[in-house]
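# Descriptive structure summary
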Amino acid sequence: MTRTNGDGPRVIRTLIADDQEAVRRGVRRILTAQPDIEVVGEAADGLAALELAAELRPDVALVDIRMPRMDGLELTRRLAGPGVAEPVRVVVLTTFDLDEYVYPALRHGASGFLLKRSGPSLLAEAVRAAADGESLISPSVTVRLLRHVTAPRRPERKRPALVVPLTEREVEIAGHVAAGRTNADIAAELFISPGTVKTHVASIQRKLGVANRVGIAVHAWEMGWAARER
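Being a predicted model, the structure only gives us computed values, none of them experimental.

Before going further, it helps to spend a moment on helix H5 (residues 120-131). Given 3.6 residues to a turn, an α-helix orients residues that are three or four positions apart in the same direction. Here H5 is 12 residues long and its end C-alpha atoms lie 17 Å apart, about the 16 Å a rise of 1.5 Å per residue gives. For H5, the complete set of buried residues consists of Leu122, Leu123, Ala124, Glu125, Ala126, Val127, Ala129 and Ala130. Note on H5: the residue one or two positions beyond its end, Gly133, has a positive phi of about 80 degrees.

In structure tokens form, the structure reads like this:
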């Protein structure tokens, strides 16, 4: 669980694991500028990150793929994979936009997959999404990922009708999620607040019976709701 400063808002305790000091310094600078995120530790390799996570129990770990002693995929599996007794939310942060990294990272339990060029706002939002039990994936990765997981479609697989149908607005928002857009992006596009978007996303998840934004996006792609890329 995220912590609070007394009676104040939550503070998301975050661990950074990257073998490049300049990258760690840059990520720390971005995150510490956020009022609700605290960087509690840094590690230059996967094994050190695993040990720090056990000691510090961060809410979220930002993990690079290529690191010495233990790579980011194995670290993700040990922190967030199936069977982990006390999992840590993991966001993979990497330079490498490769399927051989994306799919294993998500299978190993990653809550997000971001490219290092994604920008400060998306990085902060990915940390918040992970802390909330949601998923956020770089838009450039999302479209390819969803096309991969939804095709080819098996004729025998039929999605059951929803018990509670989505509203017209929820279908619209689901389409934007499928396009890889953040809550802030969607709010700006639809002229509503990010909080309203978050409420709609939670309602969509409940109605679809999915655990996170990836589940919403997969459904939206299958139904042909995905918004066009801008």
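On to the nonpolar core. Ranked by internal contacts, the top residues of the largest apolar core, which has 28 residues, are Ala61, Leu75, Leu79, Val90, Val92 and Phe113. For this core, the secondary-structure elements that each account for two or more residues are strand E2 (10-17), helix H2 (46-56), strand E4 (60-63), helix H3 (72-80), strand E5 (89-94), helix H4 (99-107) and strand E6 (112-115). Broken down by element, the residue count for this core peaks at five residues, all from H2. If we ignore the near neighbours within four places in the chain, the residues touching Leu75 are Ala17, Gly46, Ala49, Leu50, Val63, Met67 and Met70. Counting 20 residues, the second largest nonpolar core, distinct from the first, contains Ile12, Ile37, Val91 and Leu114.

Turning our eyes to something else, we now look at helix H8 (residues 183-190). Looking only at H8, the buried set comprises Asn183, Ile186, Ala187 and Leu190. The arc that holds every buried residue of H8, seen down its axis, measures 100 degrees, which confines them to one face. Phe191 sits one or two residues past H8 and shows a positive phi near 60 degrees.

Our focus in this paragraph is the pairing of E4. Strand residues, when the strand is regular, have side chains that alternate between the two faces of the sheet. Where burial is concerned, the two faces of E4 agree: the one with Val60 and Leu62 and the one with Ala61 and Val63 are both buried. By the bridge criterion, four bridges tie E2 to E4 in an arrangement that is parallel. The partner of Thr14 across the bridge, within E4, is Val60. Bridge count for E4 against E5 is four bridges, and the pairing is parallel. Within E5, the position partnered with Val60 by the bridge is Arg89. Crossover E4 to E5 through H3 is right-handed.

Procedures and definitions
Residues numbered from 1 in each chain as written. Predicted model: local features only at pLDDT ≥ 70, side-chain atom pairs only at ≥ 80, totals over all residues. Heavy atoms only, no water. Helix = DSSP H or I, 4+ residues; strand = E, 2+ residues; numbered from the N terminus. Expected span 1.5 Å × (residues − 1). Buried < 20%, exposed > 50% of the residue type's maximum accessible area, 1.4 Å probe, protein only. Core = buried A, V, L, I, M, F, W, Y, C linked by side-chain atoms within 4.5 Å. Contact = heavy atoms within 4.5 Å. Arc of directions from axis to C-beta. Pairing = 2+ DSSP bridges. Right-handed = clockwise from strand over helix to strand, strands pointing away.

No statement about biological role is implied by the geometric values presented.
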